[in-house]
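Chain by chain, the residues run as shown.
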Amino acid sequence: MEINFAAEKTLGKLAKWLRILGFDTIYDPGIINPAESGRILLTRTKRIRDEYKTDKLIFIKSDKPFKQLQEVIKTLGIVYEDIKTFTRCIKCNTEIRTINKNSIRSVVPDYVWENQDSFKTCIECKRIYWQGSHTKRSMEIIKKLFEA
Ligand SMILES: [Zn+2]
């Protein structure tokens, strides 16, 4: 199941979380027609909700990112097996790839390089990702998300 999103400007944190879950999510797309874009438009704007009567649009009610994420997941019936956690750059939405540890020796902090074996990088913005304490915290949040 391939689900892509477009999140409007007010939904920055939600967009970030959807990328963490591995969904192709463009942020602040300007004016797009959800029926034509091939993406599910996430909006908090009533005017837009009323303008496009389509199932390609989800009107987000909550102002809390975790609740917003739950709204999206429940509306679309997304289950844990559908997500590909930490496969996409949080900053620019590009898929990230495994990178040879030795090639980034001078780029990451010493203690990280010494304690981590697995690194990934975004080919677009060159940001480097590894399993850190933030990953653990995110995983706990994600687990909670699918418990309810
Ligand atoms: Zn990137």
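Our structure's up above, just so we're on the same page.
K.L.:
Could you give an account of the coordination of the zinc ion, naming the residues involved and the relevant values?
P.N.:
Distances from the zinc ion to its protein donors, Cys 89 (SG), Cys 92 (SG), Cys 122 (SG) and Cys 125 (SG), fall within 2.2 to 2.3 Å. For the zinc ion, the four donor atoms in the first shell make angles of 98 to 121 degrees at the metal, so the coordination geometry reads as tetrahedral. Sequence positions of the residues that donate to the zinc ion give the spacing C-x2-C-x29-C-x2-C. Of this pair, Cys 89 sits in the loop between α4 (65–76) and β5 (96–99) while Cys 122 sits in strand β6 (residues 119–122), placing them 33 residues apart in sequence. According to the relative accessible area criterion, Cys 89 is buried, its value standing at 0%. In this structure Cys 122 comes out as buried when scored by relative accessible area, which is 0%.

K.L.:
Let's hear about the layout of surface pockets: which residues, and what values?
P.N.:
The computed volume of the largest pocket comes to approximately 380 Å³. Contributing to the lining of the largest pocket are 17 residues, with Phe 86, Tyr 129, Trp 130, His 134 and Thr 135 lying nearest its centre. Going through the elements one at a time, α1 (12–20), β7 (128–130) and α6 (133–147) are the ones with two or more residues in the lining of the largest pocket. Considering every element that reaches the lining of the largest pocket, the biggest residue donor is α6, with four residues.

K.L.:
How would you summarise unusual backbone geometry if you had to cite specific residues and measurements?
P.N.:
Backbone geometry at Asn 93 places phi at a positive 75 degrees, although glycine is not the residue there. With respect to the secondary-structure elements, Asn 93 resides in the loop between α4 and β5. Residue classification places Asn 93 among the buried positions, given a relative accessible area of 10%. Phi is positive for Lys 126, which is not a glycine, with a value near 70 degrees. A residue is classified by how much of its surface remains accessible, and Lys 126, at 57% relative accessible area, is exposed.

K.L.:
Go over the nonpolar core with me, naming the residues and quoting the values.
P.N.:
Note that soluble globular proteins tend to have their nonpolar side chains buried in a common cluster. Counting residues in each nonpolar core, the largest one holds 22 residues, and the members touching the most others are Phe 5 and Leu 42. Broken down by secondary-structure element, the contributors of at least two residues to this core are β1 (5–7), α1, β3 (40–43), α4 and α6. Not counting chain neighbours up to four residues away, the residues in contact with Leu 42 comprise Phe 5, Ala 6, Ala 7, Glu 8, Leu 11, Leu 14, Leu 18, Ile 58, Ile 60 and Val 72.

K.L.:
Could you give an account of α1, with specific residues and numbers?
P.N.:
Along α1, the positions that sit buried rather than exposed are Leu 14, Ala 15, Trp 17, Leu 18, Arg 19 and Ile 20. In the core, the buried residues of α1 are packed alongside β1, β2 (25–27), β3, α4 and α6. Two residues or fewer after α1 comes Gly 22, characterised by a positive phi angle close to 95 degrees.

K.L.:
So what's going on with the side chain of Ser 62? Residues and values would help.
P.N.:
Topologically, Ser 62 is positioned in the loop between β4 (57–59) and α4. When its relative accessible area of 15% is taken as the criterion, Ser 62 is described as buried. A polar contact of 2.9 Å, which involves the side chain of Ser 62, links it to the backbone nitrogen of Lys 64. Ignoring sequence-local partners within four residues, the contact set of Ser 62 consists of Arg 44, Lys 67, Gln 68 and Glu 71.

What counts, and where the lines are drawn
Residues numbered from 1 in each chain as written. Predicted model: local features only at pLDDT ≥ 70, side-chain atom pairs only at ≥ 80, totals over all residues. Heavy atoms only, no water. Donors = N, O, S within 2.8 Å, 3.2 Å for Na, K, Ca; no water. Tetrahedral: all angles 85-135°; square planar, octahedral: opposite > 155°, others 65-115°. Helix = DSSP H or I, 4+ residues; strand = E, 2+ residues; numbered from the N terminus. Buried < 20%, exposed > 50% of the residue type's maximum accessible area, 1.4 Å probe, protein only. 1 Å grid on protein atoms, 1.4 Å probe; cavity = no way out; pocket = protein on both sides within 12 Å on 5 of 7 lines; lining within 4 Å. Points joined across faces, edges and corners; volume = space filled by probe spheres on them. Core = buried A, V, L, I, M, F, W, Y, C linked by side-chain atoms within 4.5 Å. Contact = heavy atoms within 4.5 Å. Polar contact = N/O pair within 3.5 Å; in protein donor to acceptor, adjacent residues only side chain to side chain.

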